[in-house]
Each structure stands twice: as structure tokens, then as C-alpha cells.
Amino acid sequence: MTKKRKIVIKIGSALLANQDMLTPRFGFLQRLMEDMARLRNQGHEVILCSSGSVALGLRIVGETPESAGVSDKQAAAACGMPLLLNAYKQVGYEFGLEIAQVLLTLGDFEDHRRFLNTRNTVHRLLEAQVIPIINENDSITTEEIRVGDNDRLAAKVAQMVGAEDLIILTGVDGLYDRNPDDPEAKFVPEVTDVSEYMEATKGKSTLGTGGMATKLQAANMAQEAGCTTWIAQGEVDRPLTSVLSQERRSTKILPYPNPISGWDSWIANRLQMAGSLVVSDTVFETMEGRERAIRREDIISMDGDFTRGDVLHIYDKQGIERARGLSDFTSEEVRVLTNNPDADADQLLGYHTKGEIIRGANLVPLETRHLLWDAPAAITE
């Protein structure tokens, strides 16, 4: 790798925390940060997305991964985060690495202004030769407002900073075409279409919140941003550089050759569904050229309580997701408009408007390379 690159690294809880003692695994951290320093010395910029705060805090609050509820995990995260950062700080000091903590929530990715503010912070840290250590703020998030897994969080960070590589270190050496415990399972060294393997990747680790399925979802987000994803075993010497130089076995998930723009990528790659619409088929006939907006007369049904600026998932009458777009109205305003199709939009809403629910510039058709979301039952029944 002669070109300077931005590299996002995702580390799972099972690598960071001793499964029995729930204490930091300093041996792994030593190998990891020594290799991060090696990448830095080669001129690359490194960002770390780290799990581990909940796992490291469980013992302090007297819980186990099996017994902990939501409030237990939130308290554990508050206890475990100082331990995690202190471990990174201690080990990083040996290699001359300065670190900074960046705690994020779902809204920091889904709200565009907060997304840009977060990106500016991360870029400034990189300019100062500081390694951002990014994690979800698990001490305050609940299920409804969570990113949910650090695999997809890392992919969103890679998209945000324009990274060339996303390295996901895990407990296995990559992707298999079925459960690796199956004696007939075959290793998959390279992937272009992650959808081919989604059904074979169910399940998750004991300490973590994601399994191989979330890693493929993350890889699909990275593909859209022109970023290569590597899934590899973390329990080795030089866990990062040996992957990038392809000295050992790992799964390489190739980026798409023509990545979409940053704006379209932000719209198309979502972490949660704010709301959804079923629209008439005539909308999709002219959507590719951005010639047509989605208007109230196009809407057949809708689901969700959303606000202006939320991204909506757009389905056809068969329940197949076809596009995603930025709403110009709240869900209540859309209901008012669709329930009164013959009334003037200005009079209904009390202000001047063209009445376009989603403007053409904010509407992104989904190609076959996207992982599509199932339609909510409420809009397909």
C-alpha cells in the first residue's frame, strides 16, 4: 500500500474482553495497537470503532451477558467505558499513539446536520494525528434509538470519512457459505454480491450484538461508498497489516466500481426505518432520471411517524423496496394531504408549498446491489 489511505477498524467485544473474567485482554490490545502504529508510520490514517464497554462493565454491576437487561447494560456501559479507554490509553502510550473518544447515537448518523458535525470532528482529530476511538453511547441509548451493532456503525463511519478500507476483526477467519461448524462449509475468499450469503449467516456471539449477517450488511454499506471490506480473524500477530497485504486468509468484499455520491449514499444507507410509503407504479417509470417527485396522488399507503427531513423507504404495490428519499413533510402533514386529495395544499398546511412529498433531487432509486428492507406489515396488508 503505497498510497495514503483512510482505514476504519472494527473490533468486537469477544476480542477485547475475557469471556470468563470480563476483563480487558491486554495481549490482544498490544498486538492491535502495535499494528495500528505500524499503519500510522506508513502514512495511513486510522479510525477505530470499538465494542467492549458493556462487556467490561458487567462484572462491576454484578451481571453476566445472559442475565443483563437493558438498564443493566446501560449501567455496565457507563462503568466499562473508562476501563476500555484506559486500556487503550495505556497500551497506545507505548507506541506513541494519542487517542480520543467519540460517542455517537443513531441520530448522529440519521440527522444530516449532526452527521456533518461528526465528520468534521473526526477529520480534525485525524489532522492532529489523534486516533478517534468511536463507539455507540450505550449508557443512554434504548432499543428504539440504537444503531444496534458496531459493524454497521463502523460502515457508516467509513462512508462518512471516505475510507478506502474497512477491516472487521472477529473470532473466525472470514465468511463461509454456511455455519463454519458444518464439516462441509467452504471458505469464501472474495465477495461481490453479499446478498448471496445472507441466509447462511444467522446468529451472533455471546458477548456481542452482531453476527456475520451484520458484517455483510456493513460491507454492503461500505461497497456503496467505494470502500473495500475485510473480514478476518483477530487473534494473530499483525492483525491489520497482514490482512491488507493479503498475507493470510480473510474474506475480501469488493467495492462497487461506480460508488454513488456522498449525498445519495447518506440517503440510501440507513440504520433504522423512520417511515415508509407504498406508491403507484408510474412513479418508478421516470425515477431514474430524477424527473419526477413523489406527490400525494402517488401515495397508496404509508407507515410510521416521521418528521421533515427523515428518510422514507419507498415500496411498490408488490411490497418490493424500490427507492429511499428525504421527506419534505411530517407524517401528520402527509396524512392531511393524502386524506384531502382535492383540497389546495397551501390551505391545508397554512403555508406555501408545491406539495411534493419527496423532491426528485432527494430521491435515490435502489439498484440490485442494495440490500433491500422488507416492507412493514402495516402497509402491505
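Every chain is numbered on its own, with residues counted from 1 as its sequence reads. Local features are withheld for residues below a pLDDT of 70 in this predicted model, meaning they are given only at 70 or higher, and side-chain atom pairs are given and counted only at 80 or more; totals for whole chains, interfaces and linings count all residues. Side-chain numbers come from the whole structure's heavy atoms, not from hydrogens or water.

(A) Examining the pattern of salt bridges more closely. By salt bridge we mean one thing: a side-chain nitrogen of Lys or Arg within 4 Å of a carboxyl oxygen of Asp or Glu. For the structure on display, the rule yields 25 salt bridges. A salt bridge links Asp165 to Arg5; the nearest nitrogen and oxygen atoms lie 2.6 Å apart. With Asp165 in strand β5 (residues 165–170) and Arg5 in the segment before β1 (6–11), this residue pair connects regions lying 160 residues apart in the sequence. The class of Asp165 is buried, set by a relative accessible area of 2%. Helix and strand assignments come from DSSP, with helices taken as H or I runs of at least 4 residues and strands as E runs of at least 2, each series counted from the N terminus. Summary of the burial criterion: residues with accessible area below 20% of their type's maximum are buried, those above 50% are exposed, and those between are partly exposed, where the area comes from a 1.4 Å probe applied to protein chains only.

(B) Representation of the packing of aromatic side chains. Aromatic pairs are defined between Phe, Tyr and Trp rings, using the six-membered ring for Trp, whenever the two ring centres lie within 6.5 Å; interplanar angles under 30 degrees are classed as stacked, those over 60 as edge-to-face, and all others as tilted. Per the stated rule, a full pass over the model turns up two aromatic pairs. When the centroid spacing of 5.4 Å and the interplanar angle of 75° are considered together, the rings of Tyr176 and Phe187 count as edge-to-face. Placement of Tyr176 in strand β6 (residues 175–176) and of Phe187 in strand β7 (residues 187–188) is noted, with a sequence separation of 11 residues between them. In terms of burial, Tyr176 and Phe187 fall into one category: buried. Between Trp263 and Trp266 the ring centres are 5.5 Å apart and the planes differ by 20°, which places this aromatic pair in the stacked class. With Trp263 and Trp266 both in helix α10 (residues 262–268) and three residues apart, this pair spans about one turn of that helix. The partly exposed category is assigned to Trp263, whose relative accessible area is 31%. Two conditions define a charge sitting above a ring: the NZ of Lys or the CZ of Arg must be within 6 Å of the ring centre, and it must be within 35 degrees of the ring normal. Sitting above the plane of the Phe187 ring, Arg249 keeps its charged end 4.1 Å from the centroid. The ring of Trp266 is capped by Arg270, whose NZ or CZ atom sits 4.8 Å from the centre of that ring.

(C) View of the pairing of β1. Counting buried positions along β1 gives five out of six residues, so the element sits mostly inside the fold. Pairing between strands is defined by DSSP: at least two bridges between the two strands are required. Here six bridges tie β1 to strand β2 (residues 45–50), and the two strands are oriented parallel to one another. When the bridges of β2 are listed, Lys6 appears paired with Glu45. In terms of strand pairing, β1 meets β5 through five bridges, oriented parallel. Residue pairing in the sheet places Ile9 in a bridge with Ile167 of β5.

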